[in-house]
Amino acid sequence: DAKTTQPTSMDCAEGRAANLPCNHSTISGNEYVYWYRQIHSQGPQYIIHGLKNNETNEMASLIITEDRKSSTLILPHATLRDTAVYYCIVKRNTGKLIFGQGTTLQVKP
Amino acid sequence: DAGVIQSPRHEVTEMGQEVTLRCKPISGHNSLFWYRQTMMRGLELLIYFNNNVPIDDSGMPEDRFSAKMPNASFSTLKIQPSEPRDSAVYFCASSPAGGGLAGVGDTQYFGPGTRLTVL
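Rules used in this analysis
Residues numbered from 1 in each chain as written. Chains lettered and ligands numbered in written order. Predicted model: local features only at pLDDT ≥ 70, side-chain atom pairs only at ≥ 80, totals over all residues. Heavy atoms only, no water. Helix = DSSP H or I, 4+ residues; strand = E, 2+ residues; numbered from the N terminus. Rg over C-alpha atoms; globule rule 2.2 N^0.38 Å. Contact = heavy atoms within 4.5 Å. Areas by Shrake-Rupley, 256 points an atom, 1.4 Å probe, with all protein chains shown as cover. pLDDT = per-residue confidence, 0-100. Pairing = 2+ DSSP bridges. Phe/Tyr/Trp six-rings, centres within 6.5 Å; stacked < 30°, edge-to-face > 60°. Buried < 20%, exposed > 50% of the residue type's maximum accessible area, 1.4 Å probe, protein only. Axes fitted to C-alpha atoms, helices over the stretch in contact; angles between N-to-C directions.

**Here we look at the overall build of chain B**
Part 1 of the reasoning: In terms of helices and strands, chain B carries zero helices and 11 strands.
Part 2 of the reasoning: Ordering the α and β elements of chain B from the N terminus gives β-β-β-β-β-β-β-β-β-β-β.
Part 3 of the reasoning: Taken against the 2.2 N^0.38 rule, which gives 14 Å for 119 residues, the C-alpha radius of gyration of chain B at 14 Å falls within 12% of a compact globule.
Part 4 of the reasoning: With the C-alpha coordinates of chain B rotated into their principal frame, the extents come out at 40 × 30 × 25 Å.
Part 5 of the reasoning: A sequence separation of at least 24 residues applies to 57% of the contacts in chain B between residues at least 6 apart.
Part 6 of the reasoning: Of the roughly 5700 Å² of accessible surface on chain B, 51% is carried by carbon and sulfur atoms.

Structure representation (structure tokens):
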């Protein structure tokens, strides 16, 4: 099963772009990259997912390298409400989401 | 859309008591997942159902835990007897697609969780 590696924590200034990296060097061809976040005391929230191409939605952008071994989640204009734990997950064929420790993003005023 | 609904939101019980957690998935979703979150172990998948059938229960810690999905709109997670080490936040999630389909990306939507404390 493909595993992911993320930095334990990151800081970002309010209003700036937050770029959260993720390494998934053992990803297989039919596995998707998913990003979720968990704001304190709440359930995880879906952000975005992708297979090969870059993706963008109202919350974020996902940039996947051509070899698919790494990706970056971009929050274009971080706000204080974006402070959360961000999980990068490679979705297995069995349908399971395996959550790691994630990156704790602290957005500072 | 009301989202995934879980009840109760908080439960405090004594060791040895039976605990039942409830989940109502999003209408029309085919898959339902139960997770447990603790500081020590993070977020763990306990069991998931597809079309009301349990597909993978390898994450269920032991025989004291059981989960059912009698219909498409309701699931329970039961702990009997409960122990202090079962204290955690339990999340239910649902997704529109079926699990186990290679190459299919499906999004899981999580409920607010039930915070269980076993004294």
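**Structural notes on the confidence of the model for chain B**
Part 1 of the reasoning: Mean pLDDT over chain B stands at 90; residues scoring 70 or higher make up 92%.
Part 2 of the reasoning: Low pLDDT, under 50, characterises residues 99-105 of chain B; the stretch is placed with 20 contacts to residues that sit more than four places away or in other chains.

**Comments concerning the sheet that holds strand E7 (residues 70-75) of chain A**
Residues and elements named next belong to chain A.
Part 1 of the reasoning: In space, the four strands of this open sheet follow the order E2-E7-E6-E5, with antiparallel pairing throughout. Looking at which strands have only one partner, the edges of the open sheet turn out to be strand E2 (18-23) and strand E5 (55-56).
Part 2 of the reasoning: Sheet topology places E2 next to E7; six bridges connect them, and they run antiparallel. The partner of Pro21 across the bridge, within E7, is Thr72.

**Brief notes about the packing of aromatic side chains**
Part 1 of the reasoning: For the structure on display, the rule yields 13 aromatic pairs over all chains.
Part 2 of the reasoning: When the ring of Tyr36 of chain A is compared with that of Phe99 of chain A, the centres are 5.9 Å apart and the planes differ by 65°; the resulting orientation is edge-to-face. A residue pair is termed long-range when its members are at least 10 positions apart, and Tyr36 of chain A in strand E3 (residues 32-38) and Phe99 of chain A in the loop between strand E8 (84-91) and strand E9 (103-108) qualify at 63 residues. For the pair formed by Tyr36 of chain A and Phe99 of chain A, the shared burial category is buried.
Part 3 of the reasoning: Note on Tyr36 of chain A and Phe110 of chain B: the rings are 5.9 Å apart at their centroids and 80° apart in plane angle, and the pair reads as edge-to-face. Here Phe110 of chain B lies in strand E10 (residues 109-110) and Tyr36 of chain A lies in strand E3, a pairing that spans two chains.

**Let's talk about the sheet that holds strand E3 (residues 19-24) of chain B**
Residue and element names in this part refer to chain B.
Part 1 of the reasoning: Pairing in this open sheet of four strands is antiparallel, and the strands run E1-E3-E8-E7 from one edge to the other. Both edges of this open sheet fall to strand E1 (5-7) and strand E7 (65-71), since each of them pairs with a single strand only. The mean inter-strand angle of the sheet, taken between neighbouring strand axes irrespective of direction, is 15°.
Part 2 of the reasoning: With three bridges joining them, E1 and E3 adopt antiparallel strand pairing. Counterpart to Ser7 in the pairing with E3 is Arg22.

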